[in-house]
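Remarks on the overall topology
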Amino acid sequence: MTSACKNLLENAEKKVSKAINDNVFQLNQAVTLVKKNYKKNLLYNFLVVIVLLIFSIAGITYFQNYRDGISIARQKAEEVLETERVKLENELSEKEKQIEQNAVITYKNSKAFREDSCKFVANNITKLECGYYLFKYTKSEDIKKWPQIKFFYKNFLEDSYIDYKKKKSN
């Protein structure tokens with residue numbers, strides 16, 4: 001019985017030793033795997049942190065440049081608008097001048113201008129300047145053709161012309 005007990009004890013010892021050795025072997029494999037994974041995970045985490053840091057810096061730089069770009073674009077747009085506004089004002093002032101000149105030319109060629117001129121001369125005929133210009137621009141054919149104009153020319157306009165010349169020379 002002792003030998004059977006001894007045998008049983010030895011078999012039990014071998015089984016326990018084998019079970020412990022198997023478990024220790026599996027534990028060693030698990031520890032080795034954990035160490036490998038730990039190093040690999042640490043490397044991956046480090047790379048992810050570097051990539052995130054690079055993207056963060058790039059993103060911040062992009063947004064700052066975007067903001068700067070927007071402000072520069074706004075300034076350029078304002079400059080272009082100001083230039084266009086000045087150009088448009090110049091064109092409008094040139095067109096206004098042209099319209100004014102056309103209006104003056106149209107008025108000078110109209111009956112209203114002749115009527116207004118005649119009214120001015122009639123209302124200011126006693127002023128020396130009007131007499132001077134009437135004497136200067138009255139046509140000699142009209143003086144010869146109309147005796148009344150000749151009388152007016154010789155008696156009134158000639159005296160106005162002489163008086164105007166005297167005042168101008170003083």
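Every value quoted in this text rests on a predicted model; they were computed, and no experiment measured them.

1. With respect to the overall build of the protein chain
Summing up its helical and strand segments, the protein chain has 5 helices and 0 strands in all. Along the protein chain, from the amino end to the carboxyl end, the secondary structure elements read α-α-α-α-α. Computed over its C-alpha atoms, the radius of gyration of the protein chain comes to 58 Å, more than 25% above the 15 Å expected for a compact globule of 170 residues. Projected onto its principal axes, the C-alpha positions of the protein chain cover 185 × 35 × 25 Å. Per-residue burial over the protein chain gives 6% buried out of 170 residues. Contacts in the protein chain between residues far apart in sequence, at least 24 positions, make up 47% of those at least 6 positions apart. Positive and negative side-chain charges in the protein chain, numbering 30 and 21 respectively, have mean positions lying 6 Å apart.

2. Quick word on the environment of Ala73
Here Ala73 shows up in helix H1 (residues 2-108). Judged by relative accessible area, which is 44%, Ala73 ranks as partly exposed. Distance in space between the C-alpha atoms of Ala73 and Tyr44 is 42 Å, their sequence separation being 29 residues.

3. A closer look at the packing of aromatic side chains
Inspection of every chain in the model, using the stated rule, returns 3 aromatic pairs. With centroids separated by 6.1 Å and ring planes inclined at 25 degrees, the aromatic side chains of Tyr62 and Tyr66 adopt a geometry described as stacked. With Tyr62 and Tyr66 both in helix H1 and 4 residues apart, this pair spans about one turn of that helix.

4. A look at the environment of Lys144
Mapping Lys144 onto the fold places it in helix H4 (residues 140-145). The spacing of Lys144 and Leu42 is 102 residues in sequence and 124 Å in space, taken between C-alpha atoms.

5. Considering a nonpolar patch on the surface
A surface patch of nonpolar side chains, about 600 Å² in accessible area, is lined by Leu43, Tyr44, Phe46, Leu47, Ile50 and Ile54. Looking at the secondary structure, you find Leu47 in helix H1.

Thresholds applied
- Residues numbered from 1 in each chain as written.
- Predicted model: local features only at pLDDT ≥ 70, side-chain atom pairs only at ≥ 80, totals over all residues.
- Heavy atoms only, no water.
- Helix = DSSP H or I, 4+ residues; strand = E, 2+ residues; numbered from the N terminus.
- Rg over C-alpha atoms; globule rule 2.2 N^0.38 Å.
- Buried < 20%, exposed > 50% of the residue type's maximum accessible area, 1.4 Å probe, protein only.
- Contact = heavy atoms within 4.5 Å.
- Lys, Arg positive; Asp, Glu negative; His and termini not counted.
- Charge placed at Lys NZ, Arg CZ, Asp CG, Glu CD.
- Phe/Tyr/Trp six-rings, centres within 6.5 Å; stacked < 30°, edge-to-face > 60°.
- Patch = residues over 30% accessible without salt bridge, like charges linked within 9 Å, V, L, I, M, F, W, Y side chains within 5 Å.
- Areas by Shrake-Rupley, 256 points an atom, 1.4 Å probe, with all protein chains shown as cover.
- Salt bridge = Lys/Arg side-chain N within 4 Å of Asp/Glu carboxyl O.

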